Amino acid sequence: MSALTRLRPIAGRLASTVLVLLGVSLIVFLLLQLVPGDPARTILGAGATQESVAAVRAELGLDKPLPVQFLEYLQGLVTGDLGRSLTVNQDVATMLLPRFENTLILTGAALLLCLVVGIPLGILAARFQYGLFDRVAMFVTLAGASVPVYWFGLVLIGVFALSLDLLPTSGMYNTRNPGGFPDMLEHLVLPAVAAALVPLAVIARMTRSVFVDVLQQDYIRTLRASGLSETAILWRHGLRNALPPIVNVVGLQIGYLLGGVIFVEVVFGWPGLGQQLYTSITQRDLPVVQAGTLFVALAFVLVNLVADLAVGVLDPRSRRGGKR
Amino acid sequence: MQNPENSAPLLEVENLSVEFHTDGGVVHAVSGVDITLAPGEVRGLVGESGSGKSVTSLAVLGLLGTRRARITSGRILFRGTDLLRIPERELRGLRGSHIGMVSQNALSALDPSFPIGAQLVEVIRRHQGVDRAAARKLALESLELVRLPDAPRRLRAYPHELSGGQRQRVVIALALACRPELLLADEPTTALDATVQKQILDLLLRLNDELGTAVLLVTHDFGVVSHVCDSVTVMRRGKVLEQGVAKDVLRDPQHPYTQALVKAVPRLHLSESERAVPRQQRRLHEFSEVMASVGEAS
Amino acid sequence: MSSTQAAQRTTLSRVPRQRGSRSPGRPSRFRLGVRAFCRDKVAVGALVVLVLVALASVFAPLLAPHSPTAGDSTMRLEGIGTPGHPLGLDGQGRDVLSRLLYGGRYSLLVAVVPVLVVFPIALATGMVAGYARGRTGEVIMRVLDVLFAFPLVLLAIALAAVLGAGLGNVMLAIGITLVPYMARVAYTTTVQEVGKDYVEAARASGAPTRDVLLRELLPNVVSGLLVYATTLAGLMIVVAAGLSFLGVGIIPPTPDWGIMTSDGASVLLEGKYHVATIPGLLILVVALSFNLIGDGLRDALDPRKQTS
């Protein structure tokens, strides 16, 4: 296949991704139009006069027709101007970027846990299908997938931070003597575990399911008949063939991670995007809410794009045309 | 081709019984089966589906899986060693190196995520501990042995890039990569087109001739038996009904079931004059008659 | 086409058939499914638990020993086993057990009602899109794809924040969030089923589209969606309580398991764990029950397991 034909589906995916992002921006924009109340009044306070409200509205560009507002909003997105916060005297981008970084650290750590624990768990459960390990693991993961993340965070704090005094209760660094990397790691443990629980359980279950399918395929029998060890079959051939659907699931679970991170950050006082979103929602600071939601949606869309492309690369049958 | 010295048998299945525990009860897939294979012998294991022929063949290599299947009696002696009593590690050492297997699902028997060269190399290195370059050479030789066209380029190809017949050749190459003494072929042609079937069977004949590999050929088709086999064992519902030299059984089947099976294949009957012709030529001639008649009918 | 064939075709499509069964004398798939489900002890157990919780919430006024909203601050934060307050009191001196019972009403309602309401909407949308294929189907699914770009929880939070707190708004927010997910499952199931032989056979026998959709496809798509909906209901219990936890759900002082957990968070540092732990545990148990029932349903409705 020529390079051009190979690139075409990728270009198609990119194009549809851009469309989706546009749609996402539109939805976020529209959502905020639905919010009752006037941002101008929020800034000025209750006793504001009609004129001052009108003036602030003009300043914020709120008096223009909606489609124009949307275009200006899009323009702002592309140039990096996300507006100014209504409560804090700062532009939204400067506010959110460092917080986004912190959220990425938390999400990254949680994702690492999910993959390192969840995938092998699923593989071993499939290997010993219907055995004791499998049944216990499947029950535990089902329970784990039903856990409310905010409650779990509180339980972790109660047990490990308060009762056992092993780990800090909240924050990203020690407020009195902020340490460097090790200090952050100490603060990272509990929130990462809390955030990882549900996605880990789902990934483990999906991995098991995929592996059970893979292990029933004919080529596995051929490999056994060739004298290869179970380890080689499982971890080399099994894993390689199971990877595309697993990558798919992981991509989707990152979405759940990103959604749940708001709870974790609130419970643990982790200074990330989620915590900021929470504060801004309660304070009705709409520009911040708008931008924050957009950030997360963007990240999710990009992650799924990468996952889709990865699946395309990993599955040899989709890479080149084949005879059947 | 049979070893004229009639030395010690290569494979001896003695009184083998296999049970399956299903939700509907216990199924006796194989009951008291005795089969012997001499070095270099090509024996057909014939029966309908459910006769237990595949199960017998899988039992030799210990590939039945332990969840539902239970071997309740018997011994399987390969060059004197009881395969049912040795540890799994030893059995794995035999698989692929001394005993090869070719299964019926040619289209799906190869790992779709790895190039075929890599799969061959992996098996060769596993059993023969040579370095990658030497293994690639051996892999190439195996592909040439099965007459896969354009073999050097095919080493890098993925299974889905090959046709069904080509894939089956690769599977045979994989099974023979370490030159085993015994090849278990489980309906190797069932999933293939009629013309390709003939090619694969001819290939098996030639390999038996060139390498001296004994073949236990599981099939439901007496046409295949007449084409390829020295001897034949007929199975039904887990039991052996009759066995013997292929041409004898074909000419004069004793059991009514065998008679029915033989009758099912058109124009199998040997004429007086053909009996005098050497076996090799006779077989090919017969089979081409069979194929011709099949061609006319369709 | 001869006249006999034409007559035959009309007769075939006019033959009245029993609901859900293919031939007379054979029990319907639904009944077989129910039987298979009843054999699954774990799933039945979970169903029992769920029913008990639901009943307890419904009969809360009869069962609750105290008012869920009036608090006795002299007894605040008393622990489990306090006489008259078997599960203790919260930070405002309110009885935990009573709040739990009344809270169940809202928590269960907010999770289950949206799922029930969205079910037929998603079913219709998904089936139409899946059967029509081509342009219409693709377009509908693309539009839903945009909603998929938002993590589910985030979308629910954003919607709830926008619409404001309160029972109705929360149910609306959750309902809107559910539509793309359930519609997609209905869509993919429909697409899968349409490719199967029995649909081809029905179409070939000349049955009108409506019949094909309703008689042949519907039961199969419904069972697939039902399994998904049950699991989703479990997730929604957690999400809805989560919304209340963040303060964008039910309006206090109305009790709800999420708000109770949130109240418990603030007293955690005082060393009183029961306020937060108990409601969260209940959320977990109910969500787990839904998941177990969903698993049981999936196994029971699997046609390969049905032996009559």
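Preceding block: the structure.
So, how was this worked out
Residues numbered from 1 in each chain as written. Chains lettered and ligands numbered in written order. Predicted model: local features only at pLDDT ≥ 70, side-chain atom pairs only at ≥ 80, totals over all residues. Helix = DSSP H or I, 4+ residues; strand = E, 2+ residues; numbered from the N terminus. Buried ≥ 20, exposed ≤ 12 C-beta atoms within 10 Å, placed from the backbone. Contact = placed C-beta atoms within 7 Å. Nonpolar A, V, L, I, M, F, W, Y, C, P; charged D, E, K, R; others polar. Pairing = 2+ DSSP bridges. Axes fitted to C-alpha atoms, helices over the stretch in contact; angles between N-to-C directions. Parallel < 35°, antiparallel > 145°, perpendicular 65-115°, else oblique. Expected span 1.5 Å × (residues − 1). Arc of directions from axis to C-beta. Core = buried A, V, L, I, M, F, W, Y, C linked by C-beta atoms within 7 Å. Domains from an automatic or database assignment. Left-handed = near helix turned anticlockwise from the far one by under 90°.

Visitor: Residue-level account of the overall build of chain A, with values.
Guide: Counting its secondary structure elements, chain A contains 13 helices and zero strands. Ordered by position from N to C terminus, the α and β elements of chain A give α-α-α-α-α-α-α-α-α-α-α-α-α. Taken across its 324 residues, chain A has 40% of its residues classed as buried. Summarising the internal contacts of chain A: among those between residues at least 6 apart in sequence, 71% fall at separations of at least 24.

Visitor: Tell me what's going on with the interface of chain B and chain A, and back it up with residues and numbers.
Guide: Each side of the interface is counted separately: chain B has 26 residues, and chain A has 20 residues. Where the side of chain B that touches chain A is concerned, the elements lending two or more residues are α2 (88-94), α3 (116-128) and α6 (164-176) of chain B. Tallying contributions element by element places α3 of chain B first for the side of chain B that touches chain A, with three residues. Of the residues contributing to the side of chain B that touches chain A, the split by class is 11 nonpolar, 10 polar and five charged.

Visitor: Describe the sheet that holds strand β1 (residues 11-22) of chain B, and please don't skip the residues or the numbers.
Guide: Residue and element names in this part refer to chain B. One open sheet accounts for four strands, arranged β2-β1-β4-β5; its pairing is antiparallel. The sheet terminates laterally at β2 (25-37) and β5 (81-82), the two strands that pair on one side only. Docked against the sheet, helix α1 (residues 53-61) engages β1, β2 and β4 (69-78), running at close to 110° with respect to β1.

Visitor: If you had to explain the sheet that holds strand β7 (residues 182-186) of chain B to someone new, which residues and values would you point to?
Guide: All names here are of chain B. Across the sheet, six strands lie side by side as β6-β7-β8-β3-β9-β10; this open sheet has mixed pairing. Two strands in the sheet have a free side with no partner beyond their single neighbour: β6 (99-102) and β10 (239-245). Recorded for the sheet is a direction-independent mean angle of 15° between the axes of neighbouring strands. Relative to β10, strand β9 (residues 231-236) runs antiparallel, the two sharing six bridges. Paired with S231 across the strands is V245, a residue of β10. Each of β3 (42-46), β9 and β10 touches helix α10 (residues 256-263); the most contacted strand, β10, lies at about 65° to it.

Visitor: Can you explain the pairing of β3 of chain B? Please cite residues and give values.
Guide: Residues and elements named next belong to chain B. Judged by how many residues are buried, β3 sits mostly within the fold: five of five residues are covered. Residues of β3 alternate between two faces, with V42, G44 and V46 on one and R43 and L45 on the opposite face, all of them buried. In terms of strand pairing, β3 meets strand β8 (residues 214-219) through five bridges, oriented parallel. By the bridge assignment for β8, V46 is matched with T219. Summarising the sheet, β3 and β9 pair through four bridges and their orientation is parallel.

Visitor: Kindly report on the pairing of β1 of chain B, identifying the contributing residues and their values.
Guide: Residue and element names in this part refer to chain B. Relative to β4, β1 is paired through eight bridges, and the arrangement is antiparallel. Bridging across to β4, L11 finds its partner in F78. Joining the antiparallel neighbours β1 and β2 is a turn of two residues.

Visitor: Go over the environment of F128 of chain A, please, and point to the residues and values.
Guide: All names here are of chain A. You can see F128 is positioned in the loop between α5 (92-127) and α6 (132-145). Residue class for F128 comes out partly exposed when judged on the 13 C-beta atoms lying within 10 Å of it. For F128 and V212, which are 84 residues apart along the polypeptide, the C-alpha to C-alpha distance reads 9.7 Å. Beyond its immediate chain neighbours, meaning those up to four positions away, F128 contacts F133 and D134.

Visitor: With reference to specific residues and values, describe the packing of helix α10 (residues 230-268) of chain A against helix α12 (residues 286-314) of chain A.
Guide: Residue and element names in this part refer to chain A. For the pair α10 and α12, interaxial distance at closest approach is 9 Å and the crossing angle is 175°. The orientation of α10 relative to α12 falls into the category roughly antiparallel. Counted together, L243, P244, V247, N248, V250, G251, I254, G255 and L258 of α10 and V296, A299, F300, V303, N304, A307, A310, V311 and L314 of α12 form the full contact between these two elements. Its residues assigned to classes, the contact of α10 with α12 comprises 14 nonpolar, four polar and no charged.

Visitor: I'd love a proper account of α6 of chain A, names of residues and values included.
Guide: When the terminal C-alpha atoms of α6 of chain A are compared, their 20 Å separation across 14 residues agrees well with the 20 Å that a helix rising 1.5 Å per residue should span. Those residues of α6 of chain A not exposed but buried are A137, M138, T141, L142, G144 and A145 of chain A. Along the axis of α6 of chain A, the buried residues cluster in a sector spanning 160°; they form a single face. Exposed residues lying more than 90 degrees from the buried face of α6 of chain A are L132 and V136 of chain A. Check the buried side of α6 of chain A and you find it contacts α5 and α8 (181-215) of chain A together with α12 (274-300) of chain C.

Visitor: Please provide a residue-by-residue account of the nonpolar core, values included.
Guide: With 251 residues, the main nonpolar core has A156, I157 and I237 of chain C as its most contacted residues. Both domains that furnish three or more residues to this core are identified here as domain 1 (1-98 + 179-251) and domain 2 (108-177) of chain B. If we skip the residues at most four places from it in the chain, A156 of chain C touches A173, I174, T177, V239 and L243 of chain C.

Visitor: Please provide a residue-by-residue account of the packing of α3 of chain B against α6 of chain B, values included.
Guide: Residue and element names in this part refer to chain B. Direction vectors running N to C along α3 and α6 enclose 15°, while the axes themselves pass 9 Å from each other. The pairing of α3 with α6 is recorded here as roughly parallel in orientation. Between α3 and α6 lies a crossing whose hand is right-handed. Here α3 contributes I116, Q119, L120 and V123 to the contact with α6, which in turn contributes V170, A173 and L174. Its residues placed into classes, the contact of α3 with α6 shows six nonpolar, one polar and no charged.

Visitor: Lay out the environment of N241 of chain A in plain terms, naming residues and giving numbers.
Guide: Of note, N241 of chain A is situated in helix α10. On the basis of neighbour counts, which here come to 23 C-beta atoms within 10 Å, the residue N241 of chain A falls in the buried class. C-alpha of N241 of chain A to C-alpha of V210 of chain A: the two residues are 31 residues apart in sequence and 9.2 Å apart in space. With sequence-adjacent residues up to four places away left out, N241 of chain A is seen in contact with V214 of chain A together with D111 and S113 of chain B.

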